[in-house]
Amino acid sequence: MTALGIENVTVTYRGLRAVSNVSLTVGEGRIHGLIGPNGAGKTSLLNAISGLVPLAAGRIRLQDRELQNMPAHRVAAAGIARTFQHAEIFPDCTVLENVMAGGYARRRSTLLDDFLGARRKIAAEREMRLEAEELLATFGLRDVRGAIAGDLPFGTLKKADLARALMARPRVLMLDEPTSGMNAVEAQEVIAACRRIAGQSGVTLLIIEHNMQVIMDLAEVIHVLNHGEKIAEGSPAEVQKNPLVIEAYLGRRAAHA
Amino acid sequence: MAYAVEIQLLIAGLSNGSIYALVALGLVLAFKGTGILNFAQGELVALGAYIALFFAVVMKLPYWQVVLLTLATAALFGAALERGLIRPLMRAPAFTIVVATLAIGLMIKNVLRLSWQESVSTIPSPFAGVLIRLGEININPQYLWVIGCTVVIMGLLVLFFRKSLIGKAMRAVAQNQEAARLMGIRVSRVFSGTFALSSALAALAGILVAPLIGIHAEMGAVILKGFVAAILGGFNSLAGCVVGGLLLGVLETLGGAYIGGTFKDTAAFGLLMLILLLRPHGLFGRAEARRV
Amino acid sequence: MSDDQAGRFRTRLAVAAVIAALVVVPTWFGSYHHFLASLALINVIIALGLNLLTGNAGQISLCSSSFMAIGAYATTYLFAKLGLSFWLALPLGGTLAAFCGFLLGFPALRLRGFYLAVVTLGFLEVTQIVIEQIPSITGGVRGMLAPRTSLFGVKLSSDLSFYYVVLAMAIAALWCAHSLLNSPTGRAFNALRNSEAAAQTLAVPLARTKLVAFVVAAFYAGIGGGLFANLVGFIDPTEFGVWTSIRHVVFIVVGGLGSIAGSVVGAVVLTLLPELLRGFKEYNELVFGGLLLVVLIVMPAGLVGLWPELRARFRRGRPASPRDPLERPAA
């Protein structure tokens with residue numbers, strides 16, 4: 001079953017076509033990769049799916065719902081979560097507060113509850129805190145949970161961004177360069193976490209990556225963008241041998257070498 | 001003569017607007033050059049007026065010397081202010097800097113209030129007191145002097161920023177501090193220079209407006225109008241400040257005459273509200289986009 | 001966990017001790033001090049609301065004095081002129097102020113930074129004009145009398161008795177503010193301030209969150225205004241101008257943006273400080289400005305930044321870094 005369907009999506013940004021007529025589908029519980037040279041439009045595509053930038057054309061489907069004109073917070077509430085290239089963590093808050101913020105989509109207390117300090121809110125807070133701490137533990141972030149996020153190294157922030165996105169228990173999780181800023185060990189942790197998320201929890205993953213080893217290892221299907229267009233799609237093995245892909249990354253001579 | 005009253009009001013409005021433009025210029029220059037929103041700018045206007053008062057009344061110097069010495073003193077004061085009090089605050093959060101400049105303004109105002117006991121004074125200007133008559137139109141030549149000075153200063157500033165090395169250095173620092181530093185520009189000196197220039201502009205406003213409204217410790221309130229003028233113009237460019245200031249001045253004066261007293265006070269915000277509804281970043285402002 | 005429980009018990013004990021002190025200690029002092037203490041607590045209430053809006057949700061507002069005014073006039077009108085019970089008039093006054101905050105929230109949705117500040121100033125101007133233009137309700141420029149209310153039939157004419165009422169309200173205000181901050185709504189505020197993009201992708205509705213923040217801040221200011229009018233006994237329209245709003249902003253900046261302790265410390269210190277400086281006579285404003293400047297240079301994150309620094313030094317940990325709610329995170 002298709003979890004995420006992107007049909008003929010075009011995104012323009014001040015007259016430039018960042019994404020041009022791109023279509024792809026991701027099956028439920030699958031892990032797909034999205035690669036391409038810098039400026040290919042990968043992040044713009046994610047931003048369009050999230051609802052952060054408007055679509056010039058096209059459709060975005062979450063199972064059977066159409067999301068293309070929804071405001072971003074509704075898209076998130078529908079079950080699409082994501083991480084950011086630059087982590088977009090809340091630098092002022094502690095790591096724990098950051099991760100707990102991810103639970104907003106699943107809040108069980110109303111505004112009045114929150115304001116008056118009702119029992120329901122206090123109970124919900126306790127539960128959410130426990131959940132967040134568990135999540136932090138799985139990413140090895142327990143030690144820094146009380147630290148102010150702005151003080152921490154980039155790799156740690158990327159992990160916190162991921163934990164925060166998972167807190168929402170999304171159906172589709174889009175990751176923007178999840179291993180950037182990490183050493184080999186941390187990258188392996190993230191890969192293992194991704195497999196767990198997809199396998200055990202059935203979350204559908206769409207991952208932008210520059211680290212070829214990581215994405216070839218992790219993804220079942222890879223989509224390749226260049227200059228806003230999809231130029232190739234297929235299994236990691238197929239994509240690696242595709243001359244168009246090689247040309248995009250290394251130039252024409254390398255493709256025909 | 002037809003439209004005699006309108007022309008008189010227009011000139012008065014342009015004169016008021018020029019003062020607002022000068023205050024706005026000082027604010028925007030400091031902001032673009034150093035990133036600091038200087039809430040003491042209004043008090044720097046008052047300071048300029050009081051310094052001029054000292055040179056004119058106590059030292060009894062002729063007008064031209066008063067003007068030059070006041071501008072020089074104000075510039076030095078501005079540079080000293082930047083070096084002594086603003087510099088340590090550069091890394092502080094934005095709100096802290098704002099409140100700190102408010103505190104500085106409060107201190108300046110009180111020092112002025114305490115050192116000059118008379119409630120209202122003025123400086124003798126060669127233009128005040130003489131009335132120009134063109135048919136039925138009476139013009140206070142001080143108005144023309146204010147407008148003229150502002151136009152000339154605008155022109156000089158444009159030349160300064162385009163042609164002179166210091167001006168270009170200031171523009172470089174305003175756009176990208178790190179890059180400017182790497183190019184060998186002494187950023188700290190540029191900051192001091194920017195504040196010096198900004199203070200001199202404020203002082204000029206004080207000198208020009210003193211013969212019209214008198215000199216008193218509450219003069220600093222003009223900063224609100226200066227802010228409105230700057231935001232109207234987009235808080236971005238010299239031209240924006242001038243257009244914003246003149247627009248505000250004219251609208252205020254004409255409106256105050258034809259609609260009434262309360263309009264004069266609220267014209268500033270009414271105009272601003274209107275413009276911001278249509279153009280949320282002011283007349284010449286640019287939206288800041290942030291890529292995620 | 002026993003550690004957690006022990007910590008919670010310690011906190012509860014500390015809070016109880018503080019409240020006991022606030023109840024008992026004032027009885028050792030005179031009426032003037034009771035008045036001052038009530039004033040300080042009223043400012044705490046207003047500061048709490050403003051800090052939620054500005055320090056946490058990141059929205060600049062320069063019209064807190066207007067919401068104070070709305071609360072003051074509405075409460076006093078309902079109580080003194082229409083004969084409603086003060087204990088009903090006060091929340092109604094606060095609700096009217098909250099409604100006005102809701103209205104202000106709409107233009108605020110599209111603006112930020114000084115554009116937003118300007119719109120709030122515009123609202124302040126409008127409020128002042130309205131106050132002057134409906135003298136039948138507000139007494140116009142001449143102001144309005146606000147006779148002291150009674151509780152259970154006993155008139156609270158002594159400043160000490162009124163102080164206890166204000167204390168109860170301040171404690172309630174603190175409870176609600178603390179509860180709000182440690183809830184999904186509070187985290188939505190912080191998200192809004194830090195990164196609107198990330199907030200949206202976490203399902204935080206930006207518009208609604210901003211409106212809620214404005215409403216809460218306005219409600220707090222309205223309650224503060226209603227209490228203020230009854231404390232002073234007279235409403236003077238000139239009290240609610242831009243400089244009063246700026247004073248409120250100074251409370252929370254000097255105390256510490258985004259922190260409840262900051263609101264309390266800032267409001268209390270800056271309410272009491274001018275009184276303490278009276279001895280300087282005409283130099284008092286100058287000294288005040290100077291002290292303000294020194295505090296800000298030494299503690300840019302506000303007075304509450306001092307506590308974590310001291311605690312960190314004690315425990316040989318890293319000193320806390322100054323939080324800046326307005327700076328964009330390094331991209």
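Coordinates for the structure precede this section.
In this report, the structure presented in the accompanying data block is examined. (Residues numbered from 1 in each chain as written. Chains lettered and ligands numbered in written order. Predicted model: local features only at pLDDT ≥ 70, side-chain atom pairs only at ≥ 80, totals over all residues.)

## Overview of the overall build of chain A
Next up, step 1: Secondary structure summary: chain A contains 11 helices and 10 strands in total.
Next up, step 2: Relative to a compact globule of 257 residues, whose C-alpha radius of gyration would be 18 Å, chain A shows 19 Å and is just as compact.
Next up, step 3: Its C-alpha atoms put chain A at 65 × 40 × 35 Å along the principal axes.
Next up, step 4: Sequence-distant contacts in chain A: of pairs separated by 6 or more residues, those separated by 24 or more amount to 66%. (Helix = DSSP H or I, 4+ residues; strand = E, 2+ residues; numbered from the N terminus. Rg over C-alpha atoms; globule rule 2.2 N^0.38 Å. Contact = placed C-beta atoms within 7 Å.)

## Some details on the environment of A:Val239
Residues and elements named next belong to chain A.
Next up, step 1: Examined against the element boundaries, Val 239 turns out to sit in helix α9 (residues 236-241).
Next up, step 2: The class for Val 239 is buried, based on 24 C-beta atoms found within 10 Å.
Next up, step 3: Note: C-alpha distance between Val 239 and Arg 145 (94 residues apart in sequence) is 40 Å. (Buried ≥ 20, exposed ≤ 12 C-beta atoms within 10 Å, placed from the backbone.)

## What about the interface of chain C and chain A?
Next up, step 1: With 30 residues of chain C at the contact, the number on the chain A side is 35 residues.
Next up, step 2: Counting only elements with at least two residues in the side of chain C that touches chain A, the list comes to α7 (159-181), α8 (184-194), α9 (196-201) and α10 (206-232) of chain C.
Next up, step 3: The element best represented in the side of chain C that touches chain A is α8(C), accounting for 7 residues.
Next up, step 4: Broken down by class, the residue content of the side of chain C that touches chain A amounts to 17 nonpolar, 11 polar and 2 charged. (Nonpolar A, V, L, I, M, F, W, Y, C, P; charged D, E, K, R; others polar.)

## Considerations on the sheet that holds strand β9 (residues 221-226) of chain A
Residue and element names in this part refer to chain A.
Next up, step 1: Strand order across the open sheet formed by 6 strands is β6-β7-β8-β3-β9-β10, with mixed pairing between neighbours. Each edge of the open sheet carries a strand with a single partner, namely β6 (80-82) and β10 (229-234). The average undirected angle you get between the axes of adjacent strands in this sheet is 20°.
Next up, step 2: Taken together, the 3 bridges between β6 and strand β7 (residues 172-176) define a ladder with parallel strand orientation. When the sheet's bridge partners are listed, Ala 81 is paired in β7 with Leu 173.
Next up, step 3: Its contacts with the sheet place helix α7 (residues 184-201) against β3 (31-35), β7 and β8 (204-208), and it is angled at close to 150° to β8. (Pairing = 2+ DSSP bridges. Axes fitted to C-alpha atoms, helices over the stretch in contact; angles between N-to-C directions.)

## Concerning the pairing of β7(A)
Next up, step 1: The element β7(A) is largely enclosed, with a buried count of 5 among its 5 residues.
Next up, step 2: At this point the chain moves from β7(A), through α7(A), to the parallel β8(A), and the crossover so formed is right-handed. (Right-handed = clockwise from strand over helix to strand, strands pointing away.)

## Observations regarding α7(A)
All names here are of chain A.
Next up, step 1: The end-to-end C-alpha separation of α7 is 25 Å, in line with the 26 Å expected for 18 residues at 1.5 Å each.
Next up, step 2: Within α7, the full set of buried residues consists of Val 190, Ile 191, Cys 194 and Ile 197. For α7, the buried positions fall inside an angular range of 125° around the axis, keeping them on one side. The outward face of α7, more than 90 degrees from its buried face, is lined by the exposed residues Ala 184, Val 185, Ala 192, Arg 196, Gly 199 and Gln 200.
Next up, step 3: Tucked inside the fold, the buried residues of α7 contact β3, α6 (154-167), β7, β8 and α8 (212-218). (Expected span 1.5 Å × (residues − 1). Arc of directions from axis to C-beta.)

## Section: the nonpolar core
Next up, step 1: Counting residues in each nonpolar core, the largest one holds 281 residues, and the members touching the most others are B:Val23 and C:Leu202.
Next up, step 2: Contact partners of C:Leu202, with chain neighbours within four places excluded, come to A:Ala76, A:Ala101, A:Gly102, A:Tyr104, A:Ala105, A:Ala168 and C:Ala191. (Core = buried A, V, L, I, M, F, W, Y, C linked by C-beta atoms within 7 Å.)

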